[in-house]
2 protein chains.
Amino acid sequence: MKANAPEDEGRQDAAARLREWITGGRFMPNERLIETDLAQALNVNRANIRMALAMLEQEGLVVRERNRGARVRLVSDAEAIEIAEARQSLEGLIARQAAARASKADCAVLRGIIAEMRKAHTAADYLAISALNGRLHAEIQRIADNATVTRLLEMLRSQIVRQQYRAILLPGRARASVQEHAAIVVAICARDIGAAEKAMRRHIGGVIAALKQAIALKVG
Amino acid sequence: MKANAPEDEGRQDAAARLREWITGGRFMPNERLIETDLAQALNVNRANIRMALAMLEQEGLVVRERNRGARVRLVSDAEAIEIAEARQSLEGLIARQAAARASKADCAVLRGIIAEMRKAHTAADYLAISALNGRLHAEIQRIADNATVTRLLEMLRSQIVRQQYRAILLPGRARASVQEHAAIVVAICARDIGAAEKAMRRHIGGVIAALKQAIALKVG
DNA sequence: AATAACATGATTGTTGACAATCCTGTCGAT
DNA sequence: ATCGACAGGATTGTCAACAATCATGTTATT
């Protein structure tokens, strides 16, 4: 039975933890991922690491070359924009479906997040804003209840977390972001599917513009 | 060196061949995928099969349960529609980008495919229509030159090839499909990005409607 | 000094054996 | 006849050793 002792925390899916390590910035883009090292660090055997790397390659987080092992995938500026555009399209869809399904309780939650966002903004706490950002989108996805699109968005998001950070730090972007999010929530709570999609597309449009600006400025 | 003799054709990516087997209908939905059997059939070792199955799980083609192995994923009717809706969104984006980038040569190719489609339609050759269908979408994706979205669409398509078949066979659907495709090509060749996206969304909308109809009729 | 052949260590790829788990059918008790 | 315990086979999960390949530095030759 191998009782799940405290040292057995390694039983959690290796791929999930490795994904967190990569998106969390523990490895640099293009950094080599040595199988034996990872196996030791994650306390699983090499076969599991190989499977995890294969899965993360499918997700676009990792690049593997035969006999050369795996590296963290470097997503170019152009790709980051491609990804953000795809996200725009899918987030629009999810916002529309959320608007069609949102209950009053759902709306209360969304409004609560917006309120917290405003607070974080006046406090100039950009880290908190970023976190609330994620929470709001996750909540909208939960409301929309569309596993397919949620999965795709999760994939896309994980590929550009790094780039997203640079964008939110541009002057004035945080303020605009809060307003855009507020508009999305208003539309969803009004059950206006057209407005919800439009507001969401406008929001991600803002993200894309900020991203392009950050790229042009060579910020980050 | 293990010279690549003819019997070495098994060196091709096992995941790719297994994917073809699944989308090609060689296995039924929910059918168990036994690792040793697959290893023998594909002439690779079990470790490779395990990696392939992990990858195909990420793609949504396969479901794996711990200690219970892998099965071909059964996508429910509701999921099929979810997937088609996601496709609608992304195909719209790709059509828009194709319209922005299409050269005259590209348009000639697209028009050629439409011509062949019309021929196949008058000949009532539904298999050919379906194939041309795929070629047209692939061509549009090539023109749009967006690797990210192309990859996502490929994932989605592979999950519902089976359902798509039932839809095209509905009375009148083939004719409508040809017309919708023609409209897309016209818009792309006119470099009208708005019209291209709209035409594509309308087309996939038609697919979705047909799919719903097929589901309601319990066809397939 | 520049280059090529070569040796060496590091890393990935492959294989087979074994352990753990699940699934199925049989047997016995009620 | 129904139900549960249990045995046996089938299948998956784990592991370690080995082979193949790559990367790096060294040496010999010009």
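The shown structure was predicted, so the numbers you read here are calculated from the model rather than taken from an experiment. (Residues numbered from 1 in each chain as written. Chains lettered and ligands numbered in written order. Predicted model: local features only at pLDDT ≥ 70, side-chain atom pairs only at ≥ 80, totals over all residues. Heavy atoms only, no water.)

## Quick word on the overall build of chain A
Broken down by element type, chain A carries nine helices and three strands. In chain A, the succession of α and β elements from N to C terminus is α-β-α-α-β-β-α-α-α-α-α-α. The dimensions of chain A, computed from C-alpha atoms along their principal axes, are 50 × 50 × 30 Å. Residue pairs in contact within chain A that sit at least 24 positions apart in sequence constitute 73% of those at least 6 positions apart. As presented, chain A carries roughly 11100 Å² of accessible surface, and 52% of it is formed by carbon and sulfur atoms. Treating the 34 positive side-chain charges of chain A as one cloud and the 25 negative ones as another, the clouds have centres 3 Å apart. (Helix = DSSP H or I, 4+ residues; strand = E, 2+ residues; numbered from the N terminus. Contact = heavy atoms within 4.5 Å. Areas by Shrake-Rupley, 256 points an atom, 1.4 Å probe, with all protein chains shown as cover. Lys, Arg positive; Asp, Glu negative; His and termini not counted. Charge placed at Lys NZ, Arg CZ, Asp CG, Glu CD.)

## Observations regarding the protein's contact with DNA strand D
Contacts to DNA strand D come from 14 residues, most closely from Asn45 of chain A together with Glu35, Arg46, Arg50 and Asn67 of chain B. A breakdown of the atoms of DNA strand D within 4 Å of the protein gives sugar and phosphate a share of 77%. Within the contact set of DNA strand D, a phosphate oxygen lies 3.3 Å away from a side-chain nitrogen or oxygen of Arg66 of chain B. Here the surface near DNA strand D is composed, by residue class, of two nonpolar, five polar and seven charged. (Near = heavy atom within 4 Å. Polar contact = N/O pair within 3.5 Å; in protein donor to acceptor, adjacent residues only side chain to side chain. Nonpolar A, V, L, I, M, F, W, Y, C, P; charged D, E, K, R; others polar.)

## Examining the protein's contact with DNA strand C
Neighbouring residues of DNA strand C: 14 residues in total, closest Glu35, Arg46, Arg50 and Asn67 of chain A together with Asn45 of chain B. Put simply, 77% of the atoms of DNA strand C that lie within 4 Å of the protein are in sugar or phosphate. When the residues that make up the surface near DNA strand C are grouped by side-chain class, the tally is three nonpolar, five polar and six charged.

## Considering the pairing of strand β2 (residues 62–65) of chain A
Taken together, the four bridges between β2 of chain A and strand β3 (residues 69–72) of chain A define a ladder with antiparallel strand orientation. What sits directly across from Glu65 of chain A, in β3 of chain A, is Gly69 of chain A. (Pairing = 2+ DSSP bridges.)

## Things to note about the relation of the copies chain B and chain A
For the pair chain B and chain A, the best superposition has an RMSD of 0.1 Å and corresponds to a rotation of 180° with a translation of 0.1 Å parallel to the axis. What the rotation and shift describe, once combined, is the action of a two-fold rotation axis. Mapped onto chain A, 100% of the interface residues of chain B again fall at the interface, so both copies present the same surface. (Least-squares fit on C-alpha atoms with pLDDT ≥ 70 in both.)

## Quick look at the pairing of strand β3 (residues 69–72) of chain B
All names here are of chain B. Because side chains alternate across β3, one face comprises the buried residues Ala70 and Val72, and the other comprises Gly69 and Arg71, none of which is buried. Judged from the two bridges that link them, strand β1 (residues 32–33) and β3 form a sheet pairing that is antiparallel. Its bridge partner being in β3, Leu33 is matched across the sheet by Ala70. Between strand β2 (residues 62–65) and β3, which pair antiparallel one after the other, the connecting turn spans three residues, and Asn67 there sits at a positive phi close to 65°. (Buried < 20%, exposed > 50% of the residue type's maximum accessible area, 1.4 Å probe, protein only.)

## As for the sheet that holds β3 of chain A
Residues and elements named next belong to chain A. The three strands are arranged β1-β3-β2 in an open sheet whose pairing can be described as antiparallel. Each of the sheet's edge strands pairs with one partner strand only, and the pair in question is β1 (32–33) and β2. Along the sheet, helix α3 (residues 46–58) makes contact with β1, β2 and β3, crossing β2 at roughly 115°. (Axes fitted to C-alpha atoms, helices over the stretch in contact; angles between N-to-C directions.)

## Quick notes on the confidence of the model for chain A
Scored by pLDDT, chain A comes out at a mean of 93, with 94% of its residues at no less than 70. For the stretch residues 1–10 of chain A, pLDDT sits under 50, and the model shows seven contacts to residues farther than four places along the chain or on other chains. (pLDDT = per-residue confidence, 0-100.)

## Regarding helix α8 (residues 173–189) of chain B
Residue and element names in this part refer to chain B. An ideal rise of 1.5 Å per residue puts 24 Å on 17 residues; α8 measures up with 24 Å between its terminal C-alpha atoms. Of all 17 residues in α8, twelve are buried; the element is thus mostly enclosed. Taken together, the buried positions of α8 are occupied by Arg173, Ala174, Ser177, Val178, Glu180, His181, Ala182, Ile184, Val185, Ala187, Ile188 and Cys189. Where the residues of α8 are buried, they touch α4 (77–101), α5 (104–122), α6 (126–144), α7 (147–168) and α9 (193–216). (Expected span 1.5 Å × (residues − 1).)

## Comments concerning the interface of chain B and chain A
Across the contact, 32 residues belong to chain B and 32 residues belong to chain A. Both sides together, the interface formed by chain B and chain A hides about 2500 Å², and carbon and sulfur atoms give 53% of it. Ranking the residues of chain B by area buried against chain A places Met51, Gln58 and Glu82 of chain B at the top, with a combined share of 24%. Put simply, chain B and chain A have zero salt bridges between them. (Buried area = accessible area lost by both parts, 1.4 Å probe. Salt bridge = Lys/Arg side-chain N within 4 Å of Asp/Glu carboxyl O.)

## Structural notes on the nonpolar core
Within the largest apolar cluster, 100 residues are counted, with the highest numbers of intra-cluster contacts made by Leu90, Ile140 and Ile188 of chain A together with Leu90, Ile140 and Ile188 of chain B. For Ile188 of chain B, the contacting residues outside a window of four places in its chain are Ala95, Ala98, Ala99, Ala102, Leu110, Ile140 and Ala196 of chain B. (Core = buried A, V, L, I, M, F, W, Y, C linked by side-chain atoms within 4.5 Å.)

## Brief notes about the packing of aromatic side chains
Two measures describe an aromatic ring pair: the distance that separates the ring centres and the angle between the ring planes. Residues and elements named next belong to chain A. As enumerated under the stated definition, the model contains two aromatic pairs over all chains in all. Measuring from ring centre to ring centre gives 6.3 Å for Trp21 and Phe27, while their planes differ by 50°; the resulting arrangement is tilted. With respect to burial, Trp21 and Phe27 carry one shared label: buried. The ring of Trp21 is capped by Arg26, whose NZ or CZ atom sits 3.6 Å from the centre of that ring. (Phe/Tyr/Trp six-rings, centres within 6.5 Å; stacked < 30°, edge-to-face > 60°. Lys NZ or Arg CZ within 6 Å of the ring centre and 35° of its normal.)

## Some points on helix α7 (residues 147–168) of chain A
All names here are of chain A. Taking 1.5 Å per residue, 22 residues should reach 32 Å; α7 reaches only 27 Å between its end C-alpha atoms and comes up short. Within α7, the axis deviates most sharply at Val161, by approximately 60°. Two to three positions downstream of the cap, the backbone nitrogen of Thr148 sits 3.2 Å from a side-chain oxygen, assigning the N-cap of α7 to Asn146. (Bend = angle between axes of the 7 residues up to and from the residue.)

## A short note on the pattern of salt bridges
Residues and elements named next belong to chain B. For the coordinates displayed, the defined rule picks out 30 salt bridges over all chains. The closest approach of N and O atoms between Arg73 and Glu79, which form a salt bridge, is 2.9 Å. Owing to a relative accessible area of 25%, Glu79 belongs among the partly exposed residues under this scheme. When the shortest N-O distance is used, the salt bridge between Arg87 and Glu91 registers 3.1 Å.

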